[in-house]
Each structure stands twice: as C-alpha cells, then as structure tokens.
Amino acid sequence: MTDLTKKNWYINGHKSDIAFIILCPLIALVIVSLVCGPRGDNYVYSTLTPVWFAVAASVLTHAHVLLVFTRSHMNMSVFKRYKYRFTLVPLLLLVSMWVSNPMFLLMGFVGVYWDEWHSIMQTFGFGRIYDGKAGNPPLAGRKLDMGMAFVMGLLPHLVLLTYLPKTQVNGAFEEYLSVPLTIVKQYSWLVTGARIPMIVFGILYAAFYIISYRKLIKNGYQYSKAKFALFAVTGLTTITVASVYTIADGVFFGNIYHALQYIFIVMVTERSNLSEIVVKKTAVTPVNKDYRIGLLIFFLLIVPLIFILAGFRQITESWKYLAAFWLMTSIMHFWFDGFIWSVRRQDIN
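## Notes on the nonpolar core
One finds Leu-67, Phe-86, Tyr-209 and Phe-298 to be the most contacted residues of the largest nonpolar core, which totals 81 residues. For this core, the leading source of residues is helix 14 (residues 247-282), giving 14 residues. Those residues in contact with Phe-298 that lie beyond four places of it in its chain are Leu-67, Ile-263, Val-266, Met-267, Leu-274, Val-303 and Pro-304.

Dropping the structure here:
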C-alpha cells in the first residue's frame, strides 16, 4: 500500500497536500465550530451564525469560481485548442439569459444542482489522482470511488434534510433546493420516510466499498493511503457538520473547503504557465525553474483581483443583467473545470 512518507505520493508537496487537500475539510470544520453555534431547534439557519461569516463564505465561493478562467483563458495551450468553447459558448449563454427570463430561471436551477455535483467530483478527482500516483490503472475502482464520494460528501446533508420540522420543511426546500412549493406540500412525507433508507444505504455502500477494494488489493491493486485519508476526513467532518450544525452552516462548511482546495490546485497546476507568460513577455527566466514568478503573479495579482471581483459580485447580484453574467461565470466554472481535467487526463494518457 502507498505510504504517505514516500516522496511521490503527493500532488505538490508532503505538507502542503496534507494541509490544503487532505485536512482541508477538517480546517473548514474548525472554522465553522469557532464561528457558528450548534443548531438547536432551528435546522435551517441559526441566528448564532454572524452575517459577516455568511458574507465571507459567499465571497470565498465567488472568488474560486472566477479562478477557473486562469486555467481556460490564460493558459494558451488549452485556450487555442478550444477557443470557441471558451468564448462563443459563454457569450451565447449570457445573451440567452438576458433575453429570456425562463432561460435565466432554468440556469439558476441547473446551477444549484451542478454545484453539488461539481463539489463531489472535486473530492473524487483528488482521490483518483492519488490512486494514479500509486501506480493504479485509471479506470480501476473509478465507479467505486465515485459512489463513495457521493456517500461521504453529500449523503449526510441529504439525511439532515429529513429532520426538518414540518413548520420549516416547505420554505426550506423551496429556498435551498428550488423545489416548487406545491410539490413539497404534497410529497414532503416522502422526505421523512427516506431517512432510514438513506442511512442504511450509506452503511451498506461503505461495506460494499471495503469488500470490493479488498478483492482488488488481492489482485495487486495499490490502494492509496492518501486517498483513504482524504475520503475519511471528508466523510467524518461532513457527518459531524450535518449532525451538529444547520443546513446553512453546512453549506458554508462545504464551500470553504471546496474553495480552498481549488485555489490550491490551481496554484499548483498553473504556476508554470504563469511563469511562461512572463518569460515570453520579458525574457526573464525563473531561477532554478522553481516557478517563483508564477507564484508571485498568482498571489499578488490574480488572487487579490478575484476577491475584489467576488466582492463586487456580492453587492451586484440583484441587478438583472449583472446577475445573469455572474450566473454565467458559475455555470462556466463547473463546465470549464471538468472539461480541462478531461483534456489533461487524455494528454497524460
């Protein structure tokens, strides 16, 4: 089995991977526990959660969404190959939302659920990278990991929804899941009834996952300890948040660790590209090829800029045309990021 002390198990570095990928959900849980109070009888949103924390988590989320354009539009090796996907498609989507209110509403609905899937796939992707570094075939165990990413990252939050009091269930489902009120009123009893089946499913799938991988390991599969640690930390922290805090606090928790992990991985994957941009413009070569110029651009220019734009988004999302623009950036973030990973996986293979 892969040992976390081996040099080649990590994506960037031993300590940085542990801090910013594997233990990132734990860091997010610590932040939530320091700022937010236990939910008590309010399952939706606690008055103990400061408004400034909600705003800060939202700005962090919006900032990481904008960061994907570093990977798509600033990386010429990717952009030149698929320039119409990165220019024409966003423009057409934006115009369609400007001229059609139903399209705007539809994309808002899509964005809510695509966001959940995108977050789950990020954890899944890290796990697959670590398994690949252990020398495993790219498709071996892929479906098993995808299922486990769902069980540990989303299922606890779905179980929490089944505990919503009847006085809150209608408004909460309409607000957080964009489910029509009439449907909620008619079928809310199904939500409560799904609680035990979902818990049983999670336990049975975990057992199935372990048994399946034991069989693979007997046939030479090298299960990565880094992947196990990431999945375990993500699952345990998600269960803790769903057991103690409100739905809103759970959203903040997920957004924090997802955004921090994403900022980290973009820094790792794009620092060489950012360095090359400067080299081509100024003929300056990074000392010892350590990408210091790229890191300076990332932390002194790109990161401050995306947070400024995220703050601007926070105060302008109620403006119709800008709201459509910001929604377009979110939708493109989900699509661009998954697409870029697919391109690079094909390049590597």
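Text resumes after the structure shown.
## Describing the side chain of Ser-16
Among the structural elements, Ser-16 can be located in helix 1 (residues 14-22). On the accessibility criterion, Ser-16 (17% relative accessible area) is buried. Of the polar contacts made by the side chain of Ser-16, one reaches the backbone nitrogen of Gly-13; its length is 3.3 Å.

## With respect to the side chain of Thr-70
Position of Thr-70 relative to the elements: it lies in helix 4 (residues 68-72). Taking the relative accessible area as the measure of exposure, Thr-70 reaches 4% and is therefore buried.

## Focus: the pattern of salt bridges
Note on pairing: side chains with opposite charge can pair once their charged atoms come close. Per the counting criterion, the structure on display carries seven salt bridges. In this structure, the salt-bridge partner of Arg-71 is Asp-337, at a minimum N-O distance of 2.5 Å. Of the two residues, Arg-71 sits in helix 4 while Asp-337 sits in helix 16 (residues 320-348), which places them 266 residues apart along the sequence. For the pair Arg-71 and Asp-337, one class covers both residues: buried. If you follow the salt bridges from partner to partner, you end up with Arg-128, Asp-131, Asp-145 and Lys-227 in one network.

Basis of the calculations
Residues numbered from 1 in each chain as written. Predicted model: local features only at pLDDT ≥ 70, side-chain atom pairs only at ≥ 80, totals over all residues. Heavy atoms only, no water. Core = buried A, V, L, I, M, F, W, Y, C linked by side-chain atoms within 4.5 Å. Buried < 20%, exposed > 50% of the residue type's maximum accessible area, 1.4 Å probe, protein only. Helix = DSSP H or I, 4+ residues; strand = E, 2+ residues; numbered from the N terminus. Contact = heavy atoms within 4.5 Å. Polar contact = N/O pair within 3.5 Å; in protein donor to acceptor, adjacent residues only side chain to side chain. Salt bridge = Lys/Arg side-chain N within 4 Å of Asp/Glu carboxyl O.

The analysis is restricted to geometry; functional conclusions fall outside its scope.
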